[in-house]
Each structure stands twice: as C-alpha cells, then as structure tokens.
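Close look at the chain arrangement
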Amino acid sequence: MKIIEVKNLKKQFGKNVVLDNINLEIKKGEVVSLIGPSGSGKSTILRSIIDLETITSGDILIEGNNLKDKKIKKEMLLKTGMVFQTFNLFPHMSVRNNIVKTLELVKKLDKKEANKIAEETLEVVGLIDKIDNFPSELSGGQKQRVAIARALSLRPDILLFDEPTSALDPTLVGEVLLVMEELAKEGMTMIIVSHEMQFAMRVSDKIAFMDSGEIAFLQTPSELRNNDDPRIRRFINNEILRNDFVI
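In this report, we go over the structure that sits alongside the text. Since the structure is predicted, the reported quantities are computational estimates derived from the model, not experimental observations.

A short note on the sheet that holds strand E5 (residues 65-66)
With respect to topology, four strands assemble into an open sheet ordered E2-E1-E4-E5, the strand pairing being antiparallel. The sheet is open, and its two edges are formed by strand E2 (16-27) and E5, each paired on a single side. The sheet contact formed by strand E1 (residues 2-13) and strand E4 (residues 57-62) spans five bridges and is antiparallel. The partner of Lys7 across the bridge, within E4, is Asp59.

Structural notes on the environment of Glu175
Along the polypeptide, Glu175 turns up in helix H6 (residues 173-185). Between the alpha carbons of Glu175 and Ala114 there is a distance of 25 Å; along the sequence they are 61 residues apart. In this view, Glu175 contacts Ser139, Gly141, Gln142 and Arg145; residues no more than four positions away in its chain are not counted.

A look at the packing of aromatic side chains
Each aromatic ring pair is described using two quantities: the centre-to-centre distance and the angle formed by the ring planes. Inspection of every chain in the model, using the stated rule, returns one aromatic pair. Taking the centre distance of 5.8 Å and the plane angle of 65° together, the rings of Phe209 and Phe235 count as edge-to-face. Of this pair, Phe209 sits in strand E9 (residues 206-211) while Phe235 sits in helix H9 (residues 230-243), and the two are 26 residues apart along the sequence. Grouping residues by exposure puts Phe209 and Phe235 together as buried.

A word on helix H2 (residues 70-77)
Those residues of H2 that sit buried are Ile72, Met76 and Leu77. One face of H2 carries all of its buried residues, which in axial projection span an arc of 135°. Projecting away from the buried face of H2 at angles above 90 degrees are the exposed residues Lys70, Lys71 and Lys74. On the buried face of H2, the contacting elements are helix H1 (42-49), E4, E5 and strand E6 (80-83). Sitting at the head of H2, Asp69 places a side-chain oxygen 3.0 Å from the backbone nitrogen of Lys71.

Notes on unusual backbone geometry
The phi torsion at Asn21 lies on the positive side, around 55°, for a residue other than glycine. In this fold, Asn21 is placed in strand E2. With a relative accessible area of 47%, Asn21 lands in the partly exposed category. The backbone phi angle of Glu63 is positive, close to 50°, even though this residue is not glycine. Examined against the element boundaries, Glu63 turns out to sit in the loop between E4 and E5.

Thoughts on the pairing of E1
Taken together, the eight bridges between E1 and E2 define a ladder with antiparallel strand orientation. For Ile4, the partnering residue across the bridge sits in E2 and is Ile26. In textbook terms, the turn of a hairpin is the stretch between consecutive antiparallel strands, and for E1 and E2 this stretch comprises two residues, one of which, Gly14, has a positive phi near 65°.

Details of the nonpolar core
Among the nonpolar cores identified, the biggest contains 39 residues, and Ile148, Phe161, Leu183 and Met190 are the most heavily contacted of them. Breaking this core down by element, the ones donating at least two residues are helix H3 (95-107), helix H4 (111-124), helix H5 (140-153), strand E7 (158-162), H6, strand E8 (189-193) and helix H7 (197-203). With seven residues, H6 is the single largest residue contributor to this core. Among residues more than four places away in sequence, those in contact with Ile148 are Val83, Val125, Phe161, Val176, Val179, Met180 and Leu183. Ranked by size, the runner-up nonpolar core spans 28 residues in total, among them Val18, Ile22, Ile72 and Met82.

Thoughts on H3
Taking 1.5 Å as the rise per residue, H3 with 13 residues should run 18 Å; its terminal C-alpha atoms sit 18 Å apart, in good agreement. Those residues of H3 that fall on the buried side of the exposure criterion are Val95, Arg96, Asn98, Ile99, Val100, Thr102 and Leu103. Where H3 is buried, its residues meet H4 and H5. Downstream of H3 by a residue or two, Lys108 has a phi angle that is positive, lying close to 60°.

About the cut-offs
Residues numbered from 1 in each chain as written. Predicted model: local features only at pLDDT ≥ 70, side-chain atom pairs only at ≥ 80, totals over all residues. Heavy atoms only, no water. Pairing = 2+ DSSP bridges. Helix = DSSP H or I, 4+ residues; strand = E, 2+ residues; numbered from the N terminus. Contact = heavy atoms within 4.5 Å. Phe/Tyr/Trp six-rings, centres within 6.5 Å; stacked < 30°, edge-to-face > 60°. Buried < 20%, exposed > 50% of the residue type's maximum accessible area, 1.4 Å probe, protein only. Arc of directions from axis to C-beta. Polar contact = N/O pair within 3.5 Å; in protein donor to acceptor, adjacent residues only side chain to side chain. Core = buried A, V, L, I, M, F, W, Y, C linked by side-chain atoms within 4.5 Å. Expected span 1.5 Å × (residues − 1).

This is how it looks when you write it as structure tokens:
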C-alpha cells in the first residue's frame, strides 16, 4: 500500500527552482533516506510533505488523499510527524509538559490521557527517568530523543526526520540513531534526511540521491553502493572523509 505519493513536485522561490519534477512513492513500513549535497532540496521535500512549504506545482498524496483537498488536509497532516535539526522544545516546560501540552493542543486530549501517552513514548526512547526534568538539564542527544517522543505521542503513521543528528556532538549521535533504528525495525514509515551514510545504508529500503533539486537516483542501498556515477562517488567519498568511516 502506497502511503505517500509525490507527483511532479516543483518548488521555486522567485526564479530559483529548489525542487523540479520530484516523483516519489513510499509504501507503508518503508524507510527512505534522502542524501546529497547541501542545498539539493532534501529538507524542502520534507517541509512540502508536512505543508510547511507551499508547493509551486505538483501533488502530494497521503494514503491516496491529495493535500490540495482542504476538507481532509488537516486529518492527513495529523498522520505525519516531523523531527527537526533543532529540538524545538519549550524551555520553560518540563519534558512531561512538552509532550502533554502538545497532545492537549493538537489532539484535544484530557490531561490524564496525555500524561499516559507521554509516559509511554518516553519509555520508547529510554527517557522515562527524565520526565520531570527541563530541557536545560538534558544533553543534546536527550533533547532530540524527547523531540522524537513528542512526535511519536501524536501517533503518526509517518515520521519525517530532517538531519536529526546534525546539531549534536558526535558522541551523542549514536543514541538518537539507535532510537530511529528501533522505530524502523518496528515498521514505522520514515523519510530521513541525513549525512549519516553508514546509518542510511543500514536502515533504508530505498535511498534517493538528490542533486540540484532533482532526484538523480532512487535505488536500494546495495544498488547505490555499486553505482559508479561520479556525483555519487564524490559525495560518498566526502562523507567518508568527514565522518571517518567506511561503507
């Protein structure tokens, strides 16, 4: 079953074309990673899917429903959660209330039910012991795991990750990737923008290599690993040097 369909998507700012003729189909339970040089349009695809960007032309469908249909748009968008580069936690609220207040506002849940869900999702990301701490008392990795818990608390069918480890100290990256990998194993549909190539190769069903606002290749990790296109080889080699690992 196709859960996301992106058809002929175009996005431009003035004369600057950021995305051009983007076509992407994602089945329920699939993990798709978007890789490529900075500025190639990866994050803009995510922001378009979750309606943070107004598309210039094309269509985005969630579970077969076009987001241009205003009658069902809000319902479809609630099926999608997003985790950003920065944690976007409310600094004056505890970890608990960062989740509870979101559920009260977005899902209109009562406090008791919202608290129950907050506790459940913090268990998933291994931070139940931090439920009454404030963001200032957490490490960067812990903050991002709280952000993931908050997204999960809305019970989305789809999770979008926009370079979720890019703001972290290298020593904290692993704890966030581990949570994401567990979600993938449990069948969560995910689109991930990341420069963590080793992780992307390991968890993805498909990888889209983007260049200049277009999807140049959409392949399985093994196909991409053996692709001899110079743009891909150059990108992968740069990431190996930057992150000091071997694929």
